[in-house]
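# Observations on the model geometry
In case you want the letters, here they are:
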Amino acid sequence: QPWLVSALAAMYLVCVAADGGTVRVRFDLEKLDGKEGKTGCFVMEVHADWAPLGAGRMMELLDAQFFTNVKFFRVVPEFMAQFGISGDPAVSAVWREKTIKDDPVLQTNQRGYVSFATSGPDSRTTQMFINFVNNDFLDKDGFSPFAQVVRGMEVVDHIYAIGEKPVQSK
């Protein structure tokens, strides 16, 4: 598999692989289970055929090196792990108004699938989440998966849960 090494280091993004139109992104994680020194990685495969606008936004974020030092900020066991807010207020301000329209939901929100978070119709920006379980109830609300964790989901399962309880309809 040809790997293109990125200049990014920190959270998470280490490299991107391109293979016949498929893009794979490797994220390196620290503090799994909230423990210093416990590390791991996962690989996300981006699918433009599932959600072209969402996949396009992911590529924009990668090109902008957005994920440097980005952390998971909302982790709800048996639901999802959310990330995509820059720790730099200036970077967050730039992306806040760069919303993209919703993609039709062509895949279901199942374990390991990745969707953008929204605050309503056509409001996606940079926040995304990885489903821990089958969350197909999110499909009707327009959460369109654009990627899938293809390696390391067992690592994702060890992202430290901060215990936030979302208000979501089931």
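Just above sits the structure.
Residues numbered from 1 in each chain as written. Predicted model: local features only at pLDDT ≥ 70, side-chain atom pairs only at ≥ 80, totals over all residues. Heavy atoms only, no water.

## Brief notes about the side chain of asparagine 131
Looking at where asparagine 131 falls in the secondary structure, it is placed in strand S8 (residues 128-131). By relative accessible area, asparagine 131 is classed as buried at 0%. Reaching out from asparagine 131, the side chain makes a polar contact with the backbone oxygen of tyrosine 113 at a distance of 3.0 Å. For asparagine 131, the side chain forms a polar contact with the side chain of asparagine 135, separated by 2.7 Å. The contacts of asparagine 131, once residues within four sequence positions are left out, are Phe79, Met80, Asn109, Gln110, Arg111, Gly112, Tyr113, Leu138 and Met153. (Helix = DSSP H or I, 4+ residues; strand = E, 2+ residues; numbered from the N terminus. Buried < 20%, exposed > 50% of the residue type's maximum accessible area, 1.4 Å probe, protein only. Polar contact = N/O pair within 3.5 Å; in protein donor to acceptor, adjacent residues only side chain to side chain. Contact = heavy atoms within 4.5 Å.)

## Quick word on the packing of aromatic side chains
Two descriptors summarise a pair of aromatic rings, namely the distance from one centre to the other and the angle between the planes of the rings. Inspection of the entire model under this criterion finds 11 aromatic pairs. Judged by centre distance (5.7 Å) and plane angle (85°), the rings of phenylalanine 27 and phenylalanine 67 are edge-to-face. Here phenylalanine 27, found in strand S3 (residues 22-29), pairs with phenylalanine 67, found in the loop between helix H1 (52-63) and strand S5 (72-76); they are 40 residues apart in sequence, far enough to count as distant. Residue phenylalanine 27 shares its accessibility class with phenylalanine 67, and that shared class is buried. Judged by centre distance (5.4 Å) and plane angle (90°), the ring pair of phenylalanine 66 and phenylalanine 67 falls under edge-to-face. Like phenylalanine 66, the residue phenylalanine 67 is buried in the burial classification. In this structure an aromatic cluster arises from ring pairing among Phe27, Phe42, Phe66, Phe67, Phe72, Phe83 and Trp95. (Phe/Tyr/Trp six-rings, centres within 6.5 Å; stacked < 30°, edge-to-face > 60°.)

## What to know about the environment of lysine 31
Here lysine 31 shows up in the loop between S3 and strand S4 (40-46). According to the relative accessible area criterion, lysine 31 is partly exposed, its value standing at 44%. The spacing of lysine 31 and isoleucine 159 is 128 residues in sequence and 7.7 Å in space, taken between C-alpha atoms. Setting aside anything within four residues of it in sequence, one finds lysine 31 in contact with Glu36, Lys38 and Tyr160.

## Structural notes on H1
With 12 residues, H1 ought to run about 16 Å at 1.5 Å a step, and its terminal C-alpha atoms sit 16 Å apart, in line with that. Among the residues of H1, Gly54, Ala55, Arg57, Met58, Leu61 and Leu62 are the ones counted as buried. Buried residues along H1 cover an arc of 155° about the axis, so they all sit on one side. Backbone geometry just after H1 places glutamine 65 at a positive phi near 55°. (Expected span 1.5 Å × (residues − 1). Arc of directions from axis to C-beta.)

Scope: geometric values only; no functional claims are made or implied.
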